[in-house]
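# Report on the structure
What follows is the residue order along each chain.
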Amino acid sequence: MQKKSGKMFTLGRNSLVSLATALLLALTSSVAANPVSAQSASTDTTAETAAPKRGPVTNLPLPRYVSLKASKANVRRGPSRTHRIDWVFTRKSMPLQITAEYGHWRRVRDIEGAGGWIHYSLLSGVRTVIVQKDMLPLAVRPDQTQATAHLELGVIAKLEECTLDWCRLKAGGYKGWVQKTDLWGVSAEEIRD
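Residues numbered from 1 in each chain as written. Predicted model: local features only at pLDDT ≥ 70, side-chain atom pairs only at ≥ 80, totals over all residues. Heavy atoms only, no water.

### Quick word on the state of the cysteines
- Evaluation of the coordinates by the stated rule reveals one disulfide.
- One disulfide in the model links Cys-162 with Cys-167; its S-S distance is 2.2 Å. Residues Cys-162 and Cys-167 share a disulfide whose torsion about the S-S bond is about 105°; that sign makes it right-handed. In this pair, the class of Cys-162 matches that of Cys-167, namely buried. (Disulfide = S-S within 2.5 Å. Buried < 20%, exposed > 50% of the residue type's maximum accessible area, 1.4 Å probe, protein only.)

Structure representation (structure tokens):
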């Protein structure tokens, strides 16, 4: 129902269908008349999704992984000290994923998806990962079965280098290679030298 000059009038169902059909035909003929603009519009959308998102403060890729520098860090509901504390991270060197930036604040999440906003001074660029498989063999070389040690579920290890499928870790004085799929804190397509 619409009001016009103080009087009410109703659009009938046939009128609405006719209006929707006319709009659809106008849109279709517009795209058919100018296929180049329709193609460039779809190409622009594809280009936007293909390009990695960058943080507005650091111009670094988002999302990205970092580690917790402090042994205790307040995680807040918003990007300021006035926002309520939702979590307190207490595991130094724990890997975190940065998903957003605002001034000196970074929105992070942990392996369980818990997170919020944390001051950037509490984060480190030193890369660590969490082992997601119990008794994970630390191999001498990629694709080998000979293990120098076994890592328990939940162990935090320093990330050294990665190929497409394997990562070299350092944990508890041991070094070795593990499959990337058994780790949290490194993206599937990430390669490190």
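### Some thoughts on the side chain of Glu-190
- Its place among the elements puts Glu-190 in the segment after β18 (183–184).
- Setting aside its immediate chain neighbours within four residues, Glu-190 contacts Arg-127, Cys-162, Thr-163 and Lys-180. (Helix = DSSP H or I, 4+ residues; strand = E, 2+ residues; numbered from the N terminus. Contact = heavy atoms within 4.5 Å.)

### Some points on the nonpolar core
- Grouped together as the largest cluster of nonpolar side chains are 15 residues, with contacts concentrated most on Val-129, Leu-151, Leu-159, Cys-167, Leu-169, Leu-183 and Val-186.
- Secondary structure elements with two or more residues in this core: β12 (128–131), β13 (136–139), β14 (147–151), β15 (156–162) and β16 (166–171).
- Those residues within four positions of Val-129 in sequence are excluded, and the remaining contacts are Pro-95, Val-155, Ile-156, Ala-157, Leu-159, Leu-169, Leu-183, Trp-184, Gly-185 and Val-186.
- Within the second largest apolar cluster, 13 residues are counted, among which are Leu-68, Ala-73, Leu-96 and Ile-130. (Core = buried A, V, L, I, M, F, W, Y, C linked by side-chain atoms within 4.5 Å.)

### Observations concerning the packing of aromatic side chains
- This structure, assessed with the given rule, holds one aromatic pair.
- Taking the centre distance of 5.3 Å and the plane angle of 90° together, the rings of Tyr-65 and Trp-184 count as edge-to-face. Here the residue Tyr-65 occupies a position in strand β5 (residues 64–68), and Trp-184 occupies one in strand β18, the gap between them amounting to 119 residues.
- Judged by its relative accessible area of 10%, Trp-184 is buried. (Phe/Tyr/Trp six-rings, centres within 6.5 Å; stacked < 30°, edge-to-face > 60°.)

### Details of the confidence of the model for the protein
- Here the protein shows a mean pLDDT of 82. Residues at 70 or above account for 74%.
- The low-confidence segment residues 19–48, where pLDDT is below 50, has one contact with residues more than four positions distant or belonging to other chains. (pLDDT = per-residue confidence, 0-100.)

### Describing the pattern of salt bridges
- Inspection of the entire model under this criterion finds five salt bridges.
- Of the charged contacts in the structure, one is a salt bridge between Arg-64 and Glu-101, with a shortest N-O distance of 2.9 Å. Here Arg-64, found in strand β5, pairs with Glu-101, found in strand β8 (residues 95–102); they are 37 residues apart in sequence, far enough to count as distant. Taken as a pair, Arg-64 and Glu-101 share a single burial class, namely buried.
- Glu-190 serves as the salt-bridge partner of Arg-127, at 2.6 Å between the closest nitrogen and oxygen. Note that Arg-127 is positioned in the loop between β11 (123–124) and β12 and Glu-190 in the segment after β18, a separation of 63 residues in sequence. The two residues Arg-127 and Glu-190 agree in class, both being buried.
- Each of Arg-77, Arg-84 and Asp-86 takes part in one network of salt bridges that share partners. (Salt bridge = Lys/Arg side-chain N within 4 Å of Asp/Glu carboxyl O.)

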